[in-house]
Amino acid sequence: MSFDFSGDPFASGFWTPTRFEADLHDCEVEGEIPEGIDGTFYRAAIDRRYPPRHPLDIPYNADGAIDMFRIRGRRCDFRTRYVRTPRYVAERKARRALFGAYRNRSTNDLAADDLSMNTANTTPIVFGGNLLALKESSPPMRMDPHTLETFEEYDFGGRMTAESFTAHPKIDPQTGEMLAFSYEARGDLSDDLAIHFFKPDGTLERTVWVKAPVVSMMHDWAITEEHVVLPTTGMVTSRERLEAGQNHWAYDPSVPAYVGIMPRDGEAKDMRWFRGPPDRAMMVHTTNARTVGDKVILDAPCARGNFNPQFPNLDGGSFDFDARKNTIRRWTFDLVSSSDTWEEEILFEGVTPTSFTRMDDRFLTRDFRWSFNLLHDPGFAFENSRTRVPMQDNWNAWYRFDHHGGGIDRFSAGPTHELFEAQFVPRSASAPEGDGWLVGVANDYAELTSELVIADAHHLADGPVARVKLPFRLHMQVHGWWVPSDVLPFEFGRDYDYRGQDYGPAVRIP
Ligand SMILES: [Fe+2]
């Protein structure tokens, strides 16, 4: 029986699964890591352990792995581990894939009938002392933030009854509280939403249950000092789709975007749904929102249509690559108006942003000026003649965008490099907004290796100030997370065993 990934169109070249775990102590550094950077950068990667068992499987259904870059005193250690989801453990035991099309239980092997479909492959966050690996269709996977050991699929000590949990919780920088939501919260196809409020110590304090106006993908949301802001997308599902063995989502442009706004201290009856025009349906990620008087203002990248060719159009039509292009928009909701829609202003267009957008999280919920965006900039020429994989329209730029004045500053990691979403690291706890560094991973398609690149966030055009160079490639990132060492203290340079003891070998699989 042959065993390879040749039947998976998403698993070739640089994207052949790495299927490895590693510790790399004292990584090679080109340039100088700024002395002020002291903390941990985590990223979630999608990296299959086994060839997919279903022809409609997609990369978003791949196993999640957590990469960890730990930085102090201009040095960096690296570690990567798969998340031991129930699915990972079962497939490892069976030595083959047991799960089928994306988020469709009817396509799974019978041996996986009762198992969680959690892949934990979207966002790693640290909250309440835990590392939580998140996938929006499942509860968090709780992990040790130092060893990357997996503990359990986590229901917050039995307090969370929702069956899913967003990959984009928000931590209020002023109060330390975390807010999160669940959609399809009582299982596939359910129109139940749960909005969760956590104490700073990690305790789930309160959940508000509401009904969604449409069962749709709800990937990201926003919070202000006073409100939660919940956008739907045009991605829909149905019992017919699932029974037909399709992947979970299809894009329906006739479904308008809804945005639900509820006071943070409110109840289900206080949720108000606004409704947008259908050609503005696809807001996947948000940048930031704020409440100003009777208005809620949301800034975010937004596409005209389907953002992802892996999710087909419901009418079977061909994918519109032009409609996936995001422009950075501002939506203003008037809470005292009787209108059920919102005002829109386009802040930025002209090149091709993705929906990946980050900011200085110390200013989350409030007025802010800077965002840091991932995009394709044709002005940064990509030297195909030097690369060993064919590339076009690659994500080759980070842009700092000025939400007050509209100006940009742009960053390239090099002519053979592709970038992933960056995280912002403040120069100090009291530094002005945006004063600090961007930290993120780049792939070098000439060397077939990955590196952590660091740039001065207010001088992006100067290029990297440091590159942490890995002697191997990493797999595709979804999101990352930065945790300063005053929030998550650690003993730098120590190899952590699963039981807190040092160990010798670089790789250990239980
Ligand atoms: Fe996301």
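Keep in mind the model is a prediction, meaning the values are calculated, not measured.

Moving on: the confidence of the model for the protein. Per-residue pLDDT for the protein averages 93, and the proportion of residues at 70 or more is 95%. A low-confidence stretch, residues 498-510 (pLDDT under 50), is modelled with 33 contacts involving residues beyond four sequence positions or located in other chains.

Within the protein, His168 (NE2), His219 (NE2), His285 (NE2) and His479 (NE2) serve as the donor atoms for the iron ion, at 1.9 to 2.1 Å. Sequence positions of the residues that donate to the iron ion give the spacing H-x50-H-x65-H-x193-H. You can see His285 sitting in the loop between strand E19 (272-275) and strand E20 (288-292) and its partner His479 sitting in strand E33 (residues 477-484), a full 194 residues away along the chain. There is no split in this pair, since His285 and His479 are both buried.

Before going further, it helps to spend a moment on empty space enclosed by the protein. Scanning all chains against the criterion turns up six cavities of 30 Å³ or more. The volume enclosed by the second largest cavity comes to roughly 110 Å³. Together, Asp8, Phe10, Ala11, Trp15, Pro17, Ile46, Asp47, Arg48, Pro59, Ala62, His475 and Met476 line the second largest cavity. Residue composition of the lining of the second largest cavity, by class: eight nonpolar, one polar and three charged.

Let's shift gears to the pairing of strand E31 (residues 449-456). Counting buried residues along E31, eight of its eight residues qualify, which places the element largely inside the surrounding structure. What you see with E31 is no split at all: Thr449, Glu451, Val453 and Ala455 on one side and Ser450, Leu452, Ile454 and Asp456 on the other are buried throughout. Pairing between strand E30 (residues 436-444) and E31: eight bridges, direction antiparallel. Residue pairing for E31: Val441 is matched across the bridge by Leu452. From the end of E30 to the start of E31, which pair antiparallel, there are four residues, and Leu448 there has a positive phi angle of about 60 degrees. As defined by bridge partners, E31 adjoins strand E32 (residues 466-469) across four bridges and the pair is classed as antiparallel. The partner of Val453 across the bridge, within E32, is Arg467.

Take the layout of surface pockets next. By volume, the largest pocket amounts to about 1,600 Å³. Residue lining of the largest pocket: 48 residues in total, with Pro309, Gln310, Arg324, Trp395 and Met476 positioned closest to the centre. Among the elements of the structure, strand E24 (352-359) and E33 are those that each provide at least two residues to the lining of the largest pocket. Here the lining of the largest pocket is built from residues that sort into 25 nonpolar, 17 polar and six charged. Taken as a whole, the second largest pocket spans an internal volume of roughly 1,100 Å³. In terms of lining, the second largest pocket is formed by 45 residues, of which the most central are Asp361, Trp481, Trp482, Val483 and Pro484. For the lining of the second largest pocket, the leading source of residues is E33, giving six residues. Across the lining of the second largest pocket, the residue classes tally to 19 nonpolar, 15 polar and eleven charged.

Moving on to the sheet that holds E20. Read from one edge of the open sheet, four strands run E20-E21-E22-E23, paired in antiparallel fashion. The open sheet has two edge strands with one neighbour each: E20 and strand E23 (343-348). Going across the sheet, the axis of each strand differs from the next one's by a mean of 25 degrees, ignoring polarity. As paired strands, strand E22 (residues 326-334) and E23 are joined by five bridges and run antiparallel to one another. Pairing of Thr332 across the sheet is with Glu343, part of E23.

According to UniProt, the "binding site: Fe cation" (unreviewed entry) feature falls on His168, His219, His285 and His479. Sequence-wise these annotated residues cover 312 residues; spatially they are packed, their C-alpha atoms never more than 12.5 Å apart. In the annotated group above, the largest pocket draws its lining from His219, His285 and His479. With respect to the helices and strands, His168 occurs in the loop between strand E9 (150-153) and strand E10 (170-171). Among residues more than four places away in sequence, those in contact with His168 are Thr123, His219, Asp220, Trp221, His285 and His479. Its relative accessible area of 5% is what places His285 among the buried residues.

About the cut-offs
- Residues numbered from 1 in each chain as written.
- Predicted model: local features only at pLDDT ≥ 70, side-chain atom pairs only at ≥ 80, totals over all residues.
- Heavy atoms only, no water.
- pLDDT = per-residue confidence, 0-100.
- Contact = heavy atoms within 4.5 Å.
- Donors = N, O, S within 2.8 Å, 3.2 Å for Na, K, Ca; no water.
- Helix = DSSP H or I, 4+ residues; strand = E, 2+ residues; numbered from the N terminus.
- Buried < 20%, exposed > 50% of the residue type's maximum accessible area, 1.4 Å probe, protein only.
- 1 Å grid on protein atoms, 1.4 Å probe; cavity = no way out; pocket = protein on both sides within 12 Å on 5 of 7 lines; lining within 4 Å.
- Points joined across faces, edges and corners; volume = space filled by probe spheres on them.
- Nonpolar A, V, L, I, M, F, W, Y, C, P; charged D, E, K, R; others polar.
- Pairing = 2+ DSSP bridges.
- Axes fitted to C-alpha atoms, helices over the stretch in contact; angles between N-to-C directions.
- UniProt positions renumbered as here; feature names shortened; annotations may be inferred.

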